[in-house]
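# Structural overview for review
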Amino acid sequence: MNLNQLNILLADDDTDDRFFFEEALKDFPISTRLTTVPNGEHLMHLLITETNQLPDVIFLDLNMPRKNGFECLSELKLNKKLKEIPVIIYSKFYHKKIADLLYLNGATYYISKPSEISQLKKVVQQLITLIAQGNILQPAQEKFVLAADEKNYQEYLWFKNSFTIPFAENMN
């Protein structure tokens, strides 16, 4: 990890969400370098072919085309070169059972994307500070989810049925 500048990789297909994430990093006292990719396929290609500097942290959306965040997390944690990179789930959708699965499969934190930039700025800067301090180990499970709002059950069902979750044995 470069102590002068944190190398952050954001995988998110939503252009607005990528813009807001970049805005959340502005005016922050810790220098950051943000690289963005629009889907999981690009993320994995970039990481597999990267020979110089891997990111210090990956912020990973779950709902992306071509390869979703569940698939990416699984591949990351099975890859010897990539498995130690902290992965922070960064998603609009939240359900406790899904968060529990992500926790068990190695995600470091789970951020439910806040609707206001000020909330996003606060939670992203909190995590960036932890990373800069070298204190980005997976917390106790009850502290895993940050800025989450419970969504209604219908949204959860849509979310659950919209993805292949490689490591999910029983979502009921």
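Residues numbered from 1 in each chain as written. Predicted model: local features only at pLDDT ≥ 70, side-chain atom pairs only at ≥ 80, totals over all residues. Heavy atoms only, no water.

## A word on the nonpolar core
- One finds Leu43, Ile58, Leu60, Ile89, Leu102 and Tyr110 to be the most contacted residues of the largest nonpolar core, which totals 26 residues.
- In this structure, Ile58 is in contact with Leu9, Leu43, Leu47, Leu76, Ile85, Pro86, Val87 and Ile88, ignoring residues within four places of it in sequence.
- One finds Ile8, Ile88, Tyr90 and Val123 within the second-largest nonpolar core, a separate group that totals 22 residues. (Core = buried A, V, L, I, M, F, W, Y, C linked by side-chain atoms within 4.5 Å. Buried < 20%, exposed > 50% of the residue type's maximum accessible area, 1.4 Å probe, protein only. Contact = heavy atoms within 4.5 Å.)

## Let's talk about the pairing of strand 3 (residues 57-60)
- Residues Val57 and Phe59 line one face of strand 3 and the alternating positions Ile58 and Leu60 line the opposite face, and both faces are buried.
- Note: strand 1 (residues 6-11) against strand 3, four bridges, orientation parallel. For Ile8, the partnering residue across the bridge sits in strand 3 and is Val57.
- Relative to strand 4 (residues 87-91), strand 3 runs parallel, the two sharing three bridges. (Helix = DSSP H or I, 4+ residues; strand = E, 2+ residues; numbered from the N terminus. Pairing = 2+ DSSP bridges.)

## Some details on the confidence of the model for the protein
- Confidence in the prediction for the protein averages 82 pLDDT; 83% of positions are at 70 or higher.
- Within the model, pLDDT remains below 50 along residues 148-165, and this stretch shows 31 contacts once partners closer than five positions in the same chain are excluded.
- In this model, residues 167-172 is a region of pLDDT below 50 whose contacts with residues beyond four sequence positions or in other chains number 15 contacts. (pLDDT = per-residue confidence, 0-100.)

## Section: the packing of aromatic side chains
- Following the criterion strictly, the structure yields six aromatic pairs and no others.
- Considering the side-chain rings of Phe21 and Phe59, the 4.8 Å spacing of their centres and the 65° angle between planes classify their relative orientation as edge-to-face. Taken together, the residues span a long stretch of sequence, with Phe21 in helix 1 (residues 15-25) and Phe59 in strand 3 at a distance of 38 residues.
- A connected cluster of aromatic rings, assembled from ring pairs, spans Phe21, Phe59 and Tyr90. (Phe/Tyr/Trp six-rings, centres within 6.5 Å; stacked < 30°, edge-to-face > 60°.)

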